[in-house]
Amino acid sequence: MNSDLFSGPFSSASDQFTFDAMPGAAAALKTHWDTFFTESDIQILAATGINALRIPIGFWAYDNTNTGYIKGADAYMEKAITWARKYNMKVWVDCHGSPGSQNGFDNSGKAGSVDWQQTANLQRSISVLKTMAAKYGAMEYADVVVGLEMTNEPISYGNNKFSVTQSWAQEAYTAVKAATKNTNMVIVMHDAFQGASSWTSIAKGLGGKTFGVDTHLYQLFVDSDNKLTQSQHITEACGWASNLASANSIMPTYVGEWSAATNICVNPDGSTTAGTSCSVSGCQCQSASFDSWNSKMIEQVRRFVEAQLDVFESSSSGDSFDEESSSGKLVLAFGDIFGLVVWM
């Protein structure tokens, strides 16, 4: 979530659902939509060689009946697509929040309970996707919209069963495909944290090359990763190549989110240690403000970014750097990247 938006009178909001219920939310959202991501941002990004945007949007932008959510983001999706076309960029429209919440994370729109796999919510998801497919899969968008993601990061535990997710994905793909005029648009499914290889048999069954899988690769959310030096992080990243390439030989496989972030500290001699605090004078941790990074930290982060790019460019169908700022600052520091996740 954008921290600037969830401040002041909205500081107690924990997600968009609670935000939208607060007095003044509609006006605050309009200001956010008008200013958070603009044509100048796309112009800057295109000038660096970035050629695609994965743009998340909630289901309620297309159907907010009895939801409590405020509609309106779809108009700004339209603006972003228009700007992308102007600067020769492609767009991947991502249904980031699904009815009932597919993961209970705040990025689904509503943190807490996971009720997506209730029958009514699964069917509502498909209904919304058909609406999105009829719009963005029309031939008038074929020159710019290259993908539609059916849902983002559904969990595979608790109220969600992976078998149900896979069955739903096949049903949803068929419905979306039927509503899409652009036969080249890739219909993308997140791997549900099970790895892209878990979807190859389904891709074979669906046939063709318009069923794609999105996997998200980070190295800072599990304890084992947070014990690594930067060289070990790089080794882990290089190890992703084989599984990505194997899956990509069967279906378009994308790294829809990845990051430059690791929990490491850099010593004055350039060596690295795991952690978020220093024990050596002159040491700096990556958790420090980006603007304060010294040359040794920048070099270590660059090494990690370049290793990931080498893997993704050789072993996948594309990748999107996860940047929740409208400025794209972190992306610009490291140069040519296939795509950027921007948040509406």
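Our subject is the structure listed above.
Right, let's walk through the structure included here.

Cut-off values and rules
Residues numbered from 1 in each chain as written. Predicted model: local features only at pLDDT ≥ 70, side-chain atom pairs only at ≥ 80, totals over all residues. Heavy atoms only, no water. Core = buried A, V, L, I, M, F, W, Y, C linked by side-chain atoms within 4.5 Å. Buried < 20%, exposed > 50% of the residue type's maximum accessible area, 1.4 Å probe, protein only. Helix = DSSP H or I, 4+ residues; strand = E, 2+ residues; numbered from the N terminus. Contact = heavy atoms within 4.5 Å. Axes fitted to C-alpha atoms, helices over the stretch in contact; angles between N-to-C directions. Parallel < 35°, antiparallel > 145°, perpendicular 65-115°, else oblique. Left-handed = near helix turned anticlockwise from the far one by under 90°. Nonpolar A, V, L, I, M, F, W, Y, C, P; charged D, E, K, R; others polar. Expected span 1.5 Å × (residues − 1). Arc of directions from axis to C-beta. Pairing = 2+ DSSP bridges. Right-handed = clockwise from strand over helix to strand, strands pointing away. Patch = residues over 30% accessible without salt bridge, like charges linked within 9 Å, V, L, I, M, F, W, Y side chains within 5 Å. Areas by Shrake-Rupley, 256 points an atom, 1.4 Å probe, with all protein chains shown as cover. Salt bridge = Lys/Arg side-chain N within 4 Å of Asp/Glu carboxyl O. Lys, Arg positive; Asp, Glu negative; His and termini not counted. Charge placed at Lys NZ, Arg CZ, Asp CG, Glu CD. Phe/Tyr/Trp six-rings, centres within 6.5 Å; stacked < 30°, edge-to-face > 60°. Lys NZ or Arg CZ within 6 Å of the ring centre and 35° of its normal.

## Describing the nonpolar core
Of all hydrophobic cores here, the largest spans 70 residues; its most connected members are Val93, Met132, Met150, Trp168 and Trp199. For this core, the leading source of residues is helix H6 (residues 162-179), giving 8 residues. Setting aside its immediate chain neighbours within four residues, Met150 contacts Cys95, Ser98, Leu129, Trp168, Ala169, Ala172, Tyr173, Val176, Ile187, Val188, Met189 and Phe211. Val255, Ala260, Ala307 and Leu309 belong to the second-largest nonpolar core, a separate cluster that totals 20 residues.

## Some remarks on unusual backbone geometry
We note that Ala192 has phi near 60°; this positive angle belongs to a residue other than glycine. Residue position: Ala192 is located in the loop between strand E4 (186-190) and helix H7 (200-206). With relative accessibility at 0%, the residue Ala192 sits in the buried group.

## Concerning the packing of helix H5 (residues 119-136) against H6
Contact geometry of H5 with H6 gives a least axis separation of 9 Å together with a crossing angle of 30°. Taken together, H5 and H6 sit at an angle that is classed as roughly parallel. Between H5 and H6 the crossing geometry is right-handed. Residue-level contacts link Leu122, Gln123, Ser125, Ile126, Leu129, Lys130, Ala133 and Ala134 of H5 to Val164, Trp168, Glu171, Ala172, Ala175, Val176 and Ala179 of H6. For the contact of H5 with H6, the class distribution of residues is 11 nonpolar, 2 polar and 2 charged.

## A few points about H5
Compared with an ideal rise of 1.5 Å per residue, which puts 18 residues at 26 Å, H5 spans 26 Å between its outermost C-alpha atoms and is within 8% of the ideal. All of the buried residues in H5 are Asn121, Leu122, Ser125, Ile126, Val128, Leu129, Met132, Ala133 and Tyr136. An end-on view of H5 places all buried positions within 165° of arc, on one side of the element. When the buried face of H5 is taken as reference, the exposed residues oriented beyond 90 degrees from it are Thr119 and Ala120.

## Here we look at the environment of Val280
Examined against the element boundaries, Val280 turns out to sit in the loop between strand E8 (272-274) and strand E9 (284-285). Among the residues examined, Val280 registers a relative accessible area of 39% and is labelled partly exposed. As a C-alpha pair, Val280 and Tyr157 span 123 residues in sequence and 42 Å in three-dimensional space. Sequence-distant contacts of Val280, that is, excluding residues within four places in its chain, are made with Asn267 and Pro268.

## Topic: the pairing of strand E1 (residues 52-58)
Here E1 lies mainly inside the structure; 7 of its 7 residues are buried. The alternating pattern of E1 places Ala52, Arg54, Pro56 and Gly58 and Leu53, Ile55 and Ile57 on opposite faces, both of which are buried. For E1 and strand E2 (residues 90-97), the ladder comprises 7 bridges, and the chain directions are parallel. Within E2, the position partnered with Leu53 by the bridge is Val91. The parallel pair E1 and E2, bridged by helix H4 (residues 73-86), forms a crossover whose chirality is right-handed.

## Observations regarding a negative patch on the surface
On the surface, a cluster of negative charge is made up of Glu299, Glu306, Asp310 and Glu313. Within the secondary structure, Glu313 sits in helix H10 (residues 295-315). Its relative accessible area of 52% is what places Glu313 among the exposed residues.

## With respect to the packing of helix H8 (residues 230-238) against H10
It is the contact of H8 with H10, at a shortest axis distance of 9 Å, that shows an interaxial angle of 10°. Between H8 and H10, the interaxial angle falls into the category roughly parallel. On H10, the residues that touch Gln230, Ser231, His233, Ile234, Ala237 and Cys238 of H8 are Gln300, Val301, Arg303, Phe304, Ala307, Gln308 and Val311.

## Brief notes about the packing of aromatic side chains
Per the stated rule, a full pass over the model turns up 19 aromatic pairs. Every member of this aromatic cluster is reached through a ring pair, and the members are Phe17, Phe59, Trp60 and Tyr69. Above the ring of Trp92, the side-chain terminus of Arg54 is found at 5.7 Å from the ring centroid. Residue placement shows Lys110 over the ring face of Phe17; its charged tip is 4.2 Å from the ring centre.

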